[in-house]
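Structural overview
Below, each chain spelled out in residue letters.
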Amino acid sequence: MNEINPWESTTIDDYQKLFDEFGISRFDELLPRIKHPHRFMRRGIIFGHRSYDSIVDAMNSNKPFSAMSGFMPSGRVHLGHKMVMEEIIWHQQQGGTVFMAVADMEAHSVRGISWEECRRIGVEEYILSLIALGFEPEGGRIYSQSTSPQVRDLAFELGVKANFSELSAIYGFNGETNIAHMVSATMQSADILHPQLEEFGGPRPVVIPVGADQDPHIRLTRGLADKVNLFHAFKGPQPNPYYKNNKKPGKNQEPHVCLVNIYSKLPAEELVKVKFQNAFRAIEKSLRNILIENDEINRYTGHINIRCFSSDCEIILGKAREIVKEVEKSIGGYAFMPPASTYHKFMTGLQGGKMSSSIPDSIIALTEEPKAAAKKIMRAKTGGRVTLEEQKEHGGVPDECTVYELMLYHLVEDDNEVLGIRNECMSGDLMCGTCKKRAAGLMEEFLTDHQKKREAARERLPEFGIDHKF
């Protein structure tokens, strides 16, 4: 697996490859630190992350953080979209400020959907369901790409740091790709980074919940965030632990632990300007206040390094980044933190394969007639055996069953109840027909309730600054 393309249908058969090839970290290692994990977290549906520990730290210390996502208004809202909506809403409930984009510029450039239709689908499909699921106006922002000057302006600035070779390597763009499609890539990066603009609260950890197919957007944006920042703080290469100032340590000297480096990414002609010289002096002065006796700090033109002998290097690096962030903001820089991300498993289509709006029989839309949705479940692919006798003797295979997946992902909140269904299936005590009827009834009940809430949400649109001219 050498490429993941967010604009094509992608099935990830081996999630381990994402850890090995793309540097995604395992989510289960963070789970013990999360006070009230969402069921997607508890059940391993969210399987990986980039830098989500920064979000966990913020939640546990009551510090500001945000979550952001968006939807391309190109079809019906379905259970796959509901997964992302629930993750965003959960982060809002944990105290984060949350942002939801209607990616109309992407839909217009990639799918050729008219602006009017983008607005209609955005409101009628996605926004109404988002509000019905629990998104609140306090600490929440819903916007359209085409009507957000902050996002458009930031996309332009980010575009200065992006080039065709980079976009081609990440997305597979070629000579047939239209320019607007390329612009939509930087627009999405601006969506992800704009919660850190000063008018929205300034730099803070921001998480983007995505499927694994969207990781190219995350990688591009993390790179662009670093490129537009004025300074870069990082842990340097591990030095020889037996030398200090290129000399063998004396009897009472501690070995050199590590280097923390702070570099300016400004061109040389900018570095000689007074405000940047002052910025470096301010960084150095603040750093000296956090160092321990044996630590050393050196300032050069456009570069500061700290040799940590006594301090914990990771602690110094974290404090250095905070200092650099404040100084950068004081001289008009962005000081973006690299966006965090979580990765959830894809839902299986009802007949197998990926759930996709382009295959109506594979999805259950949140706007679907409840009884029709229940009938779809009764026709869905299961993990049952060929005959009733085999099912009783060998049990079913819930991990290959789309009906069990519906209950695991969406229909049953209680973990013990889900585990009971799984065990009954595998033991041969639960037949597929009985399980389908149960899931169909739960789905019909959910959709009936959700659609009532959608109608109530229509009356609440003004609370979010939205009307049908959105």
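Structural data are supplied above this passage.
Structure report, in brief. These numbers come from a predicted model, not from an experiment.

With that out of the way, let us pick up the sheet that holds strand β2 (residues 46–50). Taken together, 7 strands build an open sheet; the order of strands is β1-β2-β11-β6-β3-β4-β5 and the sheet is mixed. The open sheet has two free edges, formed respectively by β1 (25–26) and β5 (140–144), since each of these has just one partner strand. Looking at chain direction, strand β3 (residues 66–71) and strand β4 (residues 97–102) are connected through 6 bridges and run parallel. Counted as the bridge partner of M68 is F99 from β4.

Right, let's talk about the state of the cysteines for a bit. Under the defined criterion, the tally for this structure stands at 1 disulfide. This cysteine, C425, is not joined by any disulfide, and C432 carries the nearest cysteine sulfur, 6.3 Å off. Looking at the unpaired C435, the closest cysteine sulfur is the one in C401, lying at 5.9 Å.

With 18 residues, helix α13 (residues 313–330) ought to run about 26 Å at 1.5 Å a step, and its terminal C-alpha atoms sit 26 Å apart, in line with that. Of the residues making up α13, those classed as buried are C313, I316, L317, A320, I323, V324, K325, V327 and E328. Next to the buried residues of α13 lie α10 (215–228), β7 (231–235), β8 (258–264), α12 (274–288) and β10 (303–308).

What follows is about the packing of helix α5 (residues 104–111) against helix α9 (residues 179–193). Relative orientation of the contacting elements α5 and α9 amounts to 155°, with a least axis distance of 9 Å. Taken together, the axis directions place α5 and α9 in an arrangement best described as roughly antiparallel. Here α5 and α9 pass one another in a crossing that is left-handed. Residue-level contacts link M105, E106, S109 and V110 of α5 to A180, H181, S184, M187 and Q188 of α9. Split by residue class, the contact of α5 with α9 holds 4 nonpolar, 4 polar and 1 charged.

Bringing the nonpolar core into the picture now. Of all hydrophobic cores here, the largest spans 68 residues; its most connected members are Y52, F135, I364, L406 and M443. Contacts of Y52, omitting those with residues within four sequence positions, involve F27, L30, I34, M41, M59, W90, H91, V207, A340, S341 and T342. Grouped together as the second largest cluster of nonpolar side chains are 35 residues, M182, L193, L197 and F336 included.

Across the 6 residues of β10, 5 count as buried, placing the element largely inside the fold. As paired strands, β8 and β10 are joined by 6 bridges and run antiparallel to one another. Looking at the pairing, C258 lines up with C308 of β10. Strand direction decides the pairing type here: strand β9 (residues 296–300) and β10, joined by 5 bridges, are antiparallel. Residue pairing for β10: N298 is matched across the bridge by N305. Hairpin connection between β9 and β10: a loop of 2 residues separates the two successive antiparallel strands, and G302 in this loop has a positive phi of roughly 75°.

Reading guide: rules and limits
- What you see as residue numbers is a count from 1 along each chain, following the sequence as written.
- It should be noted that, the model being predicted, local features are given only for residues of pLDDT at least 70 and side-chain atom pairs only at 80 or more, the latter also being counted only at that level, while totals for whole chains, interfaces and linings use all residues.
- To obtain the side-chain values, all non-hydrogen atoms of the structure were used and water was disregarded.
- Between any two strands, pairing holds if DSSP finds at least two bridges.
- We count a stretch as a helix when DSSP gives it H or I for four or more residues in a row; a strand needs E for two or more, and each element gets its number in order from the N terminus.
- The rule for a disulfide is simple: a pair of cysteine sulfur atoms within 2.5 Å.
- To estimate the expected span of a helix, count its residues, drop one, and scale the result by 1.5 Å.
- Working definition: with a 1.4 Å probe on protein chains only, accessible area under 20% of the residue-type maximum means buried, over 50% means exposed, and in between means partly exposed.
- Contacts were defined at the residue level, with two residues in contact if any of their heavy atoms lie within 4.5 Å.
- Lines fitted to the C-alpha atoms define the axes, with helices restricted to the stretch that makes contact. Angles between their N-to-C directions range from 0 to 180 degrees.
- Note on angle classes: values under 35 degrees are labelled roughly parallel, values over 145 roughly antiparallel, values of 65 to 115 roughly perpendicular, and the remainder oblique.
- For a crossing to be left-handed, the near helix must be turned anticlockwise from the far one by less than a right angle; the clockwise case is right-handed.
- Residues are grouped as follows: nonpolar covers Ala, Val, Leu, Ile, Met, Phe, Trp, Tyr, Cys and Pro; charged covers Asp, Glu, Lys and Arg; every other residue, Gly included, is treated as polar.
- The nonpolar core is taken to be a set of buried Ala, Val, Leu, Ile, Met, Phe, Trp, Tyr and Cys residues, with the residues joined through side-chain atoms within 4.5 Å.

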